[in-house]
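In case you want the letters, here they are:
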Amino acid sequence: MRRITLTQFLVGRQQSNLINADLRLLLETIARACKAISTRVNKGALAEGLGGSATSNVHGEVQKKLDVLSNEILLEANAWGGNLAAFASEEAEKPIPITEPYKRGEYLLLIDPLDGSSNIDVNISVGTIFSVLRCPKTTDGKYCEPEEPAFLQPGNRQVAAGFAVYGPTTVFILTVGDGVHGFTLDRETYTFVLTHPEIRIPADTQEFAINASNARRWEPPVKRYIDECLAGADGPRGKDFNMRWVASMVADVFRVLSRGGIFMYPRDSKQKEGRLRLMYEANPMAFIVEQAGGAATDGRGRILDIQPKGLHQKVAVILGSRHEVERVSSYHQ
Ligand code: F6P
């Protein structure tokens, strides 16, 4: 079988005018940074600086050293290419504009450098999530200053999104708006090879993913949906459901892309806005899931249509197999 590398895939997309040269370079650079993070994650406890508390991030969470390192790897890799106006990272309060001596470009990059980082020390998959927007222009055709307002665009304006999972294999999932494609890192040639072309999520599923320890705080529509799944063949759904929860969104969403399922992190009486970040987690994953034929909602409306109010805003997330997501949405009506 002819192997198609990520580079060849992106050149093909550029030749079909789906992406320009700057976006191709940006995506290649992100993928290269993910390889470096993968190598580092793979060293586990052998790598100096893994785990252990370092500093606190803007959400008051303890950052593992590997979070900081992954953030640095992504920022350094992308700073000089001339294709970015600024980055925003889940690990930094404010956007980081590209400054001299580097040239500014037309794109804005949002990254969650190490998603699921509480799983690092226990040898469970973690990953990197990214989202790409265009820097808006002013009325006289110049690019806006790439500060927070420039980033506050709904997810339906994303030009690309993807994520890497550092698991038993490292996979890189990508959409540029023409479907979803998955690549596996070949550690011998150190290249990403297309292994999951044209990913489609089945519309029906019998598998759900939710952190059930929050059950007592869920809103009634979520409680009803999960209760019905748990009742299985004896309940109103008339079929048994399976449950999975990795607690790394990248791994849970990769499973949904691979075999279907519904992933939920709803709002509840304690986490009133939800737990996941709109700009760094929900929007890129919603774009990917929709491009694979699935659906993504916060219960009340399409995630990709939410007008963000802040860079670190949180949101409820219900995504995956279309018929199940529609059912949960209907329970919210
Ligand atoms: O937002 C980070 C994250 O680790 C996600 O990747 C994951 O889905 C979720 O938090 C896990 O949350 P909990 O710790 O409540 O299971």
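Residues numbered from 1 in each chain as written. Predicted model: local features only at pLDDT ≥ 70, side-chain atom pairs only at ≥ 80, totals over all residues. Heavy atoms only, no water.

## As for the domain arrangement of the protein
Move 1: Under the domain assignment used here, the protein contains domain 1 (6–196) and domain 2 (207–332).
Move 2: Taken residue by residue, the interface counts 46 residues in domain 1 and 31 residues in domain 2.
Move 3: Interface of domain 1 and domain 2: buried area, both sides summed, is about 2,800 Å²; carbon and sulfur atoms make up 65% of it.
Move 4: Counting across the interface, domain 1 meets domain 2 through one salt bridge. (Domains from an automatic or database assignment. Contact = heavy atoms within 4.5 Å. Buried area = accessible area lost by both parts, 1.4 Å probe. Salt bridge = Lys/Arg side-chain N within 4 Å of Asp/Glu carboxyl O.)

## Topic: the site of the ligand
Move 1: All residues adjacent to the ligand are Asp115, Gly116, Asn211, Trp245, Ala247, Ser248, Met249, Phe263, Tyr265, Arg275, Leu276 and Glu281.
Move 2: One nitrogen or oxygen atom from the side chain of Asp115 is found 2.8 Å from an oxygen atom belonging to the ligand.
Move 3: Residue Ala247 places a main-chain N or O atom 3.4 Å away from an oxygen atom belonging to the ligand.
Move 4: Against a free-state accessible area of 400 Å², the protein chains account for coverage of 84% of the ligand.
Move 5: For the shell around the ligand, the residue count by class is six nonpolar, three polar and three charged. (Near = heavy atom within 4 Å. Polar contact = N/O pair within 3.5 Å; in protein donor to acceptor, adjacent residues only side chain to side chain. Areas by Shrake-Rupley, 256 points an atom, 1.4 Å probe, with all protein chains shown as cover. Nonpolar A, V, L, I, M, F, W, Y, C, P; charged D, E, K, R; others polar.)

## Brief notes about empty space enclosed by the protein
Move 1: Across all of its chains, the model carries one cavity of 30 Å³ or more by this definition.
Move 2: If you add up the space inside the largest cavity, you get close to 30 Å³.
Move 3: Lining the largest cavity are Leu25, Leu26, Thr29, Ala77, Asn78, Gly81 and Asn83.
Move 4: At the level of elements, helix H2 (21–43) and helix H3 (65–79) are the ones that each hand at least two residues to the lining of the largest cavity.
Move 5: Among the elements that make up the lining of the largest cavity, the one with the highest residue count is H2 (three residues).
Move 6: For the lining of the largest cavity, the per-class residue count stands at three nonpolar, four polar and no charged. (1 Å grid on protein atoms, 1.4 Å probe; cavity = no way out; pocket = protein on both sides within 12 Å on 5 of 7 lines; lining within 4 Å. Points joined across faces, edges and corners; volume = space filled by probe spheres on them. Helix = DSSP H or I, 4+ residues; strand = E, 2+ residues; numbered from the N terminus.)

## So, the side chain of Glu228
Move 1: For Glu228, the position within the fold is in helix H5 (residues 220–231).
Move 2: Those residues in contact with Glu228 that lie beyond four places of it in its chain are Pro236, Arg237, Arg327 and Tyr331.

## Focus on the packing of aromatic side chains
Move 1: Counted by the stated rule, this structure contains six aromatic pairs.
Move 2: Where Phe9 meets Phe183, the ring centres are 5.1 Å apart and the plane angle is 80 degrees; that geometry is what we call edge-to-face. Taken as a pair, Phe9 in helix H1 (residues 6–15) and Phe183 in strand E9 (residues 181–186) lie far apart in primary sequence, 174 residues in all. With respect to burial, Phe9 and Phe183 carry one shared label: buried.
Move 3: In this structure, Arg224 packs its charged tip against the face of Tyr331, placed 3.6 Å from the ring centre. (Phe/Tyr/Trp six-rings, centres within 6.5 Å; stacked < 30°, edge-to-face > 60°. Buried < 20%, exposed > 50% of the residue type's maximum accessible area, 1.4 Å probe, protein only. Lys NZ or Arg CZ within 6 Å of the ring centre and 35° of its normal.)

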